[in-house]
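Observations on chain architecture
As a plain string of letters, each chain reads:
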Amino acid sequence: MSKDWKEIESNYYMFVVKRQPIVIVKGEGTYVWDDNGKEYIDFTSGWAVNNVGHSNKYVSKAISEQANTLLQTSNQFYTVPQLKLAEILVENSCLDKIFICNSGTEANEGAIKLARKFGKKNLNNAFEIITAFNSFHGRTMMSVAATGQPKYQDIFQPIPTGFKHVNYNDLEEIKKATDDKTVAVMLEPVQGEGGVNIPDKNYLKNVRKWCDENGILLIFDEVQTGLGRLGKLFGYQVFDVEPDIMTLAKGLGGGVPIGAFLAKDQACAFDPGDHGSTFGGNALTCSAAFASTEYIINEKIVDKVSKMENYFRNELNKIKNEFEIIQDIRGIGLLWAIQFNSEISADLVSICNDNGLLTNPLRPDAIRLMPPLTVSIDEASKAFNILKKSLDKLSS
Ligand SMILES: *Cc1c(COP(=O)(O)O)cnc(C)c1O
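If you're wondering where the values come from, they're calculated on a predicted model, not measured in any experiment.

Counting its regular elements, the chain contains 13 helices and 15 strands. Computed over the C-alpha atoms, the radius of gyration of the chain is 21 Å, within 12% of the 21 Å expected from 2.2 N^0.38 for a compact globule of 396 residues. Principal-axis analysis of the C-alpha atoms places the extent of the chain at approximately 65 × 55 × 45 Å. With an accessible surface of roughly 18,300 Å², the chain has 51% of that area assigned to carbon and sulfur atoms. Counting 42 positive and 49 negative side-chain charges, the chain places the averaged centre of each group 1 Å from the other.

Here's what the structure looks like:
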C-alpha cells in the first residue's frame, strides 16, 4: 500500500518549490518511474545533474564500494578519492588547483572569497565583482547577492554588498562598471537558469582581454555548463577562453551532492586557514564524482553530446516550424530552451508529464530541455514525438 506522499509533503515540507505531481521512485539511464510504475523520459536530469544517466552502473559501483570502505575522515587527513578527483579535474582543465565542497552555491562562495583575498593581496584591496543580470549563482547569501535577479534578493535585504550587475553579452557595460575597486568579473559561459542565454561568439574572449588589460580575475560559474553539458568537458572550451577561477557542481557527482572551485596558480591567494569544509572532499561523494568524470572522459561522452546537439537543433527547428506558438529555440550541447510567444509552459509541462516526458518550466513562456548526456537518438526521437503530441493537445 503506497502512502499519500503528496499529502505528507504538504503537511511537513516547507513550501518553497511548486513540485510536479509525480513521486519518482526509480531511475535508469534516460528513464525514471513513478510510484504507480508509470515510465517517463527524463529531460530534466535532476536539473542538469544526471549527466551520465540515472543509476549509472559505473558510478553506483564506485559508491557502493566506497560506502563499504570509508565514508568520511575530515580534511585533517589525506584521502584517496579526494586526491584522485583533484588530479583528474586539474589534469583535464586549464586550472591548477582545486578546493572541493558540497554544492554549487558553496563553490561560488569559495570562488568569491578567493577573489576577495586576491584583491586584498594583489589589487590594493579591490573587492568588487561584476556579474550579469539574469545570472544564477545559488541560494546562500553571497551567491544571492552575486545573482543578478532582484526577485531572489529583495525579500532578504540587507544582502551582502560588493557586486555590480551589468547586462549579459555587453562588453561595454563591463568596461563602464570597472573601476579601481573591481577585482573580478563573474559569468556563466551560457546562462542556464536565466533562460539558456548564449553569448555572441566573441563576447567571452573580449571579456577575457579586458580582464587581462586591467589585471582583474575572470570567474566562470560552470555549475550548469561543466562536465560535458555544452559538448566539451567544460563550457570555457566551447568559447576558447580560459577563466582564472571556475566553479563546478551539478553534473560533477553523477547525482551525489558535490561542488568544487578551481583556480590558476596566480589566482590561488588563500593561505592555510582561510577556507575549509567538514564534508567538502568527502570520500563517498568524491569517489562518485571521480567515477562519473572518468566515465565522461573514457566513454567520450562529449563527442556524443556534439552529435546530439545537431540532432536536437534539427528536430527542434522542425517542431518550431510546425507550431506557431514557438517563438524561438536556443541551445548548445544538451542544454536547450523552447521560447513560446505566450505563457503556456505550466500547461505544456503538465501535458508532457501525462504523456511520459519530463521537462523543466524555465519561465512562464519557456521550457528547458536538459536530458542525461547519454541520451540516445531513439530516446530523443520518442521525446520529441511526445512534445509534438503535447503541443497538439494544447492547441486543440
Ligand atoms: C544550479 C546553479 C547554482 C547553484 O547550485 P546549487 O548546487 O543548487 O547550490 C549556481 N550556479 C549555476 C550556474 C547553477 O546553474
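Relative orientation of the contacting elements helix α3 (residues 57-67) and helix α10 (residues 283-298) amounts to 155 degrees, with a least axis distance of 8 Å. By the angle class used here, α3 and α10 are roughly antiparallel. At the point where α3 passes α10, the crossing takes the right-handed sense. The segment α3 lies against α10, with Tyr58, Val59, Ala62, Ile63, Gln66 and Ala67 engaging Ala283, Leu284, Ser287, Ala288, Ala291, Ser292, Glu294 and Tyr295. Residue classes in the contact of α3 with α10 are distributed as 10 nonpolar, 3 polar and 1 charged.

The next thing to look at is the nonpolar core. In terms of nonpolar packing, the biggest core is built from 90 residues, with Phe312, Leu316 and Leu387 touching the most fellow members. Sort the elements by how many residues they give to this core and helix α11 (residues 301-322) lands first, with 8 residues. Here this core spans two domains, and each of domain 1 (5-55 + 300-395) and domain 2 (70-298) adds at least three residues to it. Among all residues touching Phe312, those that are not within four sequence positions of it are Phe43, Leu334, Trp336, Pro371, Ala380 and Phe384. Ranked by size, the runner-up nonpolar core spans 23 residues in total, among them Ile112, Ala145, Ile219 and Ile245.

Partitioning the chain into domains gives domain 1 (5-55 + 300-395) and domain 2 (70-298). One C-alpha centre belongs to domain 1, the other to domain 2, and the line joining them spans 27 Å. Contact residues are listed per partner, giving 28 residues for domain 1 and 30 residues for domain 2. Counting across the domain 1 and domain 2 interface gives 0 salt bridges. Our count for the domain 1 to domain 2 interface comes out at 13 residue pairs in polar contact (both at pLDDT 80 or more). Listed by contribution, the elements that provide at least two residues to the side of domain 1 that touches domain 2 are α2 (45-48), α11, β11 (326-332), β12 (335-340) and β14 (360-363). A per-element tally of the side of domain 1 that touches domain 2 places α11 first, with 5 residues. Looking at the side of domain 1 that touches domain 2 residue by residue, the classes come out as 16 nonpolar, 7 polar and 5 charged.

Attention now moves to the pattern of salt bridges. Applying the stated rule across the entire model yields 18 salt bridges. Here Glu128 makes a salt bridge to Lys164, at a shortest N to O gap of 3.5 Å. Of the two residues, Glu128 is situated in strand β5 (residues 128-132) and Lys164 in strand β6 (residues 163-166); the sequence distance between them amounts to 36 residues. For Lys164, a relative accessible area of 27% corresponds to the partly exposed category. The salt bridge partner of Asp179 is Lys164, with a shortest N-O separation of 3.2 Å. Placement of the pair is Asp179 in the loop between α7 (171-177) and β7 (182-187) and Lys164 in strand β6, with a sequence separation of 15 residues. In this structure, a network of salt bridges that share partners links the residues Lys117, Lys121, Asp271 and Asp274.

Here we come to the site of the ligand. Neighbouring residues of the ligand: Ser103, Gly104, Thr105, Asn108, Phe136, His137, Gly138, Glu188, Asp221, Val223, Gln224 and Lys250. Within the side chain of Lys250, an N or O atom sits 2.6 Å from an oxygen atom of the ligand. For the ligand, whose unbound accessible area comes to 390 Å², protein coverage reaches 82%. For the shell around the ligand, the element with the most residues is helix α5 (residues 104-122), which contributes 3 residues. A class-by-class count of the residues in the shell around the ligand yields 2 nonpolar, 7 polar and 3 charged.

Another aspect to go through is the sheet that holds β14. Pairing is antiparallel in the open sheet, where 4 strands are placed in the order β11-β12-β15-β14. Edge positions in the sheet fall to β11 and β14, since each has one partner strand and no second. Strand-to-strand twist across the sheet, computed as the mean angle between neighbouring axes with direction ignored, equals 25 degrees. Alignment of β11 against β12, held across 6 bridges, turns out to be antiparallel. Within β12, the position partnered with Ile329 by the bridge is Ile338.

This brings us to the environment of Asn108. You can see Asn108 is positioned in helix α5. Here the alpha-carbon distance between Asn108 and Ala249, two residues 141 residues apart in the chain, equals 9.7 Å. Aside from chain neighbours lying at most four places away, what touches Asn108 is His137, Ser143, Met186, Asp221, Val223 and Thr247.

For helix α13 (residues 377-395), which comprises 19 residues, the first-to-last C-alpha distance of 27 Å matches the rise-based estimate of 27 Å (1.5 Å per residue) to within 8%. Inspection of α13 places Glu379, Ala380, Ala383, Phe384, Ile386, Leu387, Ser390 and Leu391 among the buried residues, and these make up the whole buried set. Burial along α13 is one-sided: seen end-on, the buried residues are contained in an arc of 160 degrees. Relative to its buried face, α13 has exposed residues pointing more than 90 degrees away, namely Asp378 and Lys393.

How each quantity is defined
- Residues numbered from 1 in each chain as written.
- Predicted model: local features only at pLDDT ≥ 70, side-chain atom pairs only at ≥ 80, totals over all residues.
- Heavy atoms only, no water.
- Helix = DSSP H or I, 4+ residues; strand = E, 2+ residues; numbered from the N terminus.
- Rg over C-alpha atoms; globule rule 2.2 N^0.38 Å.
- Areas by Shrake-Rupley, 256 points an atom, 1.4 Å probe, with all protein chains shown as cover.
- Lys, Arg positive; Asp, Glu negative; His and termini not counted.
- Charge placed at Lys NZ, Arg CZ, Asp CG, Glu CD.
- Axes fitted to C-alpha atoms, helices over the stretch in contact; angles between N-to-C directions.
- Parallel < 35°, antiparallel > 145°, perpendicular 65-115°, else oblique.
- Left-handed = near helix turned anticlockwise from the far one by under 90°.
- Contact = heavy atoms within 4.5 Å.
- Nonpolar A, V, L, I, M, F, W, Y, C, P; charged D, E, K, R; others polar.
- Core = buried A, V, L, I, M, F, W, Y, C linked by side-chain atoms within 4.5 Å.
- Buried < 20%, exposed > 50% of the residue type's maximum accessible area, 1.4 Å probe, protein only.
- Domains from an automatic or database assignment.
- Salt bridge = Lys/Arg side-chain N within 4 Å of Asp/Glu carboxyl O.
- Polar contact = N/O pair within 3.5 Å; in protein donor to acceptor, adjacent residues only side chain to side chain.
- Near = heavy atom within 4 Å.
- Pairing = 2+ DSSP bridges.
- Expected span 1.5 Å × (residues − 1).
- Arc of directions from axis to C-beta.

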